[in-house]
Amino acid sequence: MSKKKIVAEETNFQKNDAFNLTMIPGAFARKMRTCLIWQFIRFITINIKMIIVVGKSH
Amino acid sequence: MARLVVLGGGVAGHTTATFAARWLGSEHEVVVVTPNAKWNWIPSNIWVGVGEMKKEEVTFDLAPVYAKAGITYRQAKAVSINPEGGESSDQPFVTIEYTSADKAGQSETIEYDYLVNATGPKLNFGATPGLGEGSQLGEHTVSVCTSDHAVHAFEKLTEAIEKMKAGTRQKILVGTGHGMCTCQGAAFEYIFNIEHELRKAGVRDMADIKWISNESFLGDFGMGGLHLKVGGFVVSSKLFAESLFAERNVEWIIGAHVSKVEEGKVHYELLDGSTGEEEFDFSMLIPPFAGVGLKAYNKAGEDITDTVFAPNGFMKVDANYNAGAYENWKASDWPKTYQNPTYKNMFAAGIAFAPPHIISKPMSSPNGTPINPTPPRTGMPSGIIGKTVAHSVCALIAKGENAHLHEASMAKMGAACVASAGKGVFTGTAAAMTVYPVVPDFEKYPGTGRDTNYTFGEIGLAGHWIKHILHHLFIYKAKLNPGWTLIPE
């Protein structure tokens, strides 16, 4: 019998009924959260967005 | 020469006083009355509470900063306001009581031409039996509302971690300690920073972490939640908040009014009227906020506190306090100038102003217990309101009582918020969010109440970098270092 691969991100769905009804990020989405190149791009993007909102608020 | 007295030296009061002093110059006097000797960048207290920062990194002495700015500094708490003056003079004045070691308990009156009430909140621990007495934290739980509280919280957390390392499973409960709390964001940050620290310490599997909150849904944050554009959809913050909790294996109890706290146990009532108990080994519960208890007297010495202040102790301003039922609420109910309607030379800024109503949908249990978050007015809105009020006071001093007052309605103001979910240059994460406007305007933005082009959020390392940079940037600004006026609130 082939061994079933356990997907770490999906195991939490089973821990709680409320968890089962929401979404949990997969491995790729979680990796991207701390990927330096991607996060540097996001850093620039978020800063621009925040500056626009700050500008609209003053 | 005119004298502006600012009550409070937090984000709103400090912003008002420093800008007013700069714009008014030495021709006029700015006085700050605050019971604290140190300024505290409160958003970073959560990092003190997990041992990632020292108290000294989030505080600094106020006296040298005010001396540099030419501001008269009184380390004292305001006790009462006499907006019509007293028996011998029509000049309005405040009565203060010193808190500094050398003058503790001594009273003094300070006459003013203009008054800005920016006292912030009273941490009303006493509202929940067992949570504390008056504004004093009790012995059963911890808090991160002040830097000293955060130091104490870290000591208790360290004890819990040591127990986990020794093989004793620990129950951790974080959230709000009353049905009418605000500041869910601080508790949100603290619970995920604890979770992050437990993983770093290698004891995450020894902890059961649970959230308890007065929000009717996760992600409400006292703003009725927000809607974000993600992947071509516009979705509620509820989905993203629940996702983060599920991902980090943090269970939740929501719609909860904590009615009593005992050693190792809280009692709560839910929106459906049912009651329950939750045991804990370590718990951080945010207290509800109230006004600091300032009194007001007219010229005859009669108590006019009810005229100047709302029942919750916050100062009445140019808001619509007669909006009635939820269905009638409008964005225009929210104050614009923060001027007291009775005494035009008084303003309130930051948490000290009385909001017209809450932002979230009002809810109560079948037993009549109100269980809903009260409106957040901290951080960026506090700073912007403080600066706006400073503008108005300076205009009144320069041009007289008919001067145009500046406006900063929370229904036309956005906010940028960064909620830490764990600290680390390469491993940290934070939810970076903007919301525009803070108070939803369903007439202008039918559906979500907000402009979804300017309301967004995402979690990642970039958010952590931004929060860390903002920590240094705002402390730099508050110290009035070169170029401080260029840094926006």
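Described in the following lines is the structure provided in the data block.

### A closer look at the overall build of chain A
Here is step 1 of the chain: Assigned secondary structure in chain A consists of 2 helices and 0 strands.
Here is step 2 of the chain: Whereas a compact globule of 58 residues would reach a radius of gyration of roughly 10 Å, chain A reaches 18 Å, over 25% beyond that.
Here is step 3 of the chain: Along the three orthogonal principal directions, the C-alpha set of chain A runs to about 60 × 30 × 10 Å.
Here is step 4 of the chain: For chain A, the accessible surface area stands at approximately 4,400 Å², while carbon and sulfur atoms represent 65% of it.

### Topic: the layout of surface pockets
Here is step 1 of the chain: Roughly 810 Å³ of volume is contained in the second largest pocket.
Here is step 2 of the chain: In terms of lining, the second largest pocket is formed by 33 residues, of which the most central are Arg33(A), Phe240(B), Gly457(B), Glu458(B) and Ile459(B).
Here is step 3 of the chain: Broken down by secondary-structure element, the contributors of at least two residues to the lining of the second largest pocket are helix H1 (27–33) and helix H2 (36–57) of chain A together with strand S14 (227–230), helix H7 (237–247), strand S25 (430–435) and strand S26 (456–460) of chain B.
Here is step 4 of the chain: Ranked by residues supplied to the lining of the second largest pocket, first place goes to H7(B) with 6 residues.
Here is step 5 of the chain: The residue makeup of the lining of the second largest pocket, split by class, is 20 nonpolar, 7 polar and 6 charged.

### Some thoughts on the pattern of salt bridges
Residue and element names in this part refer to chain B.
Here is step 1 of the chain: Summed over all chains, the structure comprises 23 salt bridges over all chains.
Here is step 2 of the chain: A salt bridge links Glu189 to Lys467; the shortest N-O distance between them is 2.9 Å. Of this pair, Glu189 sits in helix H6 (residues 184–200) while Lys467 sits in helix H10 (residues 461–478); the two residues are 278 residues apart in sequence, bridging distant segments of the chain. Lys467 carries the same exposure label as Glu189, and that label is buried.

### Some points on helix H5 (residues 147–165) of chain B
Here is step 1 of the chain: Taking 1.5 Å of rise per residue, 19 residues should cover 27 Å, and H5(B) covers 27 Å from first to last C-alpha, within 8% of that figure.
Here is step 2 of the chain: Looking one or two residues beyond H5(B), the residue adopting positive phi is Gly167(B), at roughly 100°.

### A look at the sheet that holds strand S19 (residues 275–279) of chain B
Residues and elements named next belong to chain B.
Here is step 1 of the chain: Ordered in space as S17-S18-S19, the 3 strands form an open sheet in which the pairing is antiparallel. Two strands close off the open sheet at either side, each with one partner strand: strand S17 (256–262) and S19. Ignoring which end each strand starts from, the neighbouring axes of this sheet average 25° apart.
Here is step 2 of the chain: Looking at chain direction, strand S18 (residues 265–270) and S19 are connected through 5 bridges and run antiparallel. Bridge pairing in S19 links Glu269 to Thr275.

Conventions adopted
- Residues numbered from 1 in each chain as written.
- Chains lettered and ligands numbered in written order.
- Predicted model: local features only at pLDDT ≥ 70, side-chain atom pairs only at ≥ 80, totals over all residues.
- Heavy atoms only, no water.
- Helix = DSSP H or I, 4+ residues; strand = E, 2+ residues; numbered from the N terminus.
- Rg over C-alpha atoms; globule rule 2.2 N^0.38 Å.
- Areas by Shrake-Rupley, 256 points an atom, 1.4 Å probe, with all protein chains shown as cover.
- 1 Å grid on protein atoms, 1.4 Å probe; cavity = no way out; pocket = protein on both sides within 12 Å on 5 of 7 lines; lining within 4 Å.
- Points joined across faces, edges and corners; volume = space filled by probe spheres on them.
- Nonpolar A, V, L, I, M, F, W, Y, C, P; charged D, E, K, R; others polar.
- Salt bridge = Lys/Arg side-chain N within 4 Å of Asp/Glu carboxyl O.
- Buried < 20%, exposed > 50% of the residue type's maximum accessible area, 1.4 Å probe, protein only.
- Expected span 1.5 Å × (residues − 1).
- Pairing = 2+ DSSP bridges.
- Axes fitted to C-alpha atoms, helices over the stretch in contact; angles between N-to-C directions.

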